[in-house]
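Survey of secondary and tertiary structure
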Amino acid sequence: NLWDDFNRDDSATAPGNGWVAVGSAIFGISSNRLYNVPNVNSSLCIRSGDPLLQNLYIECEVTGTLNNDTVFNEPGLMFRYIDSSNFLWVGLYNSTIRLNKLDGGNGSSLAAVAFTPTNGTYYKLAVSAIGNRIRVWVDDVLYIDYQLTGANATKYVVPGNIGFQYIVVGSPATAARWDNYVCYQL
């Protein structure tokens, strides 16, 4: 079990508490919240040193410019991270809630449903992954109940790291932030 409210000194160079940015990404802490320091698209941050998790429940409060089709950010929750080119994540994106995969470096949506967020509002985004079944909630309302099938059921039903996926297009008016992260192994 992992709880992180990001309640530590501000840092523009490291997220701390076992979180590690992947590659050239930079994550930090600002006012007790996690953020992507340079606001760079496709940035990843994973939990290091923890056992790999397959069956899990994650929830985290997220905010940003979530409701715009041309200038937006998507603060996502990443799970079953195999490597930087292969993982699953959920996020609030352009008036939708999405369950996504990155497969060999190519991203695609597995499931998406309409959701109209208010920019700058914090939403509790939650995901459970048990075997092939993935469920996604926002503010305790179930929006996605998805079954991995075919090659996805083989590839993504493995233990992996947990972390954050950040997507940004343009210069959003509201910065993306993560807060009050909880992960339980099921």
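Up top is the structure these notes are about.
Let us look at the structure shown here. (Residues numbered from 1 in each chain as written. Predicted model: local features only at pLDDT ≥ 70, side-chain atom pairs only at ≥ 80, totals over all residues. Heavy atoms only, no water.)

1. A short note on the environment of serine 128
Mapped onto the elements of the fold, serine 128 is located in strand β11 (residues 123-130). Residues serine 128 and asparagine 55, 73 residues apart in the sequence, show an inter-C-alpha distance of 7.5 Å. Those residues in contact with serine 128, other than ones at most four positions away along the chain, are Leu56, Tyr57, Arg133, Ile134, Arg135 and Trp137. (Helix = DSSP H or I, 4+ residues; strand = E, 2+ residues; numbered from the N terminus. Contact = heavy atoms within 4.5 Å.)

2. Digging into the sheet that holds strand β9 (residues 96-103)
Picture the strands of a sheet paired through backbone hydrogen bonds; they go either parallel or antiparallel. Across the sheet, which stays open at both edges, the seven strands sit in the order β2-β5-β14-β7-β8-β9-β10 with antiparallel pairing between neighbours. Edge positions in the sheet fall to β2 (19-21) and β10 (106-114), since each of these pairs with one other strand and no more. Averaged over all adjacent pairs, the angle separating strand axes in this sheet is 25°, with direction ignored. In this structure, strand β5 (residues 43-47) lies alongside strand β14 (residues 161-169), joined through four bridges in antiparallel fashion. Note on β14: the bridge partner recorded for leucine 44 is glutamine 165. (Pairing = 2+ DSSP bridges. Axes fitted to C-alpha atoms, helices over the stretch in contact; angles between N-to-C directions.)

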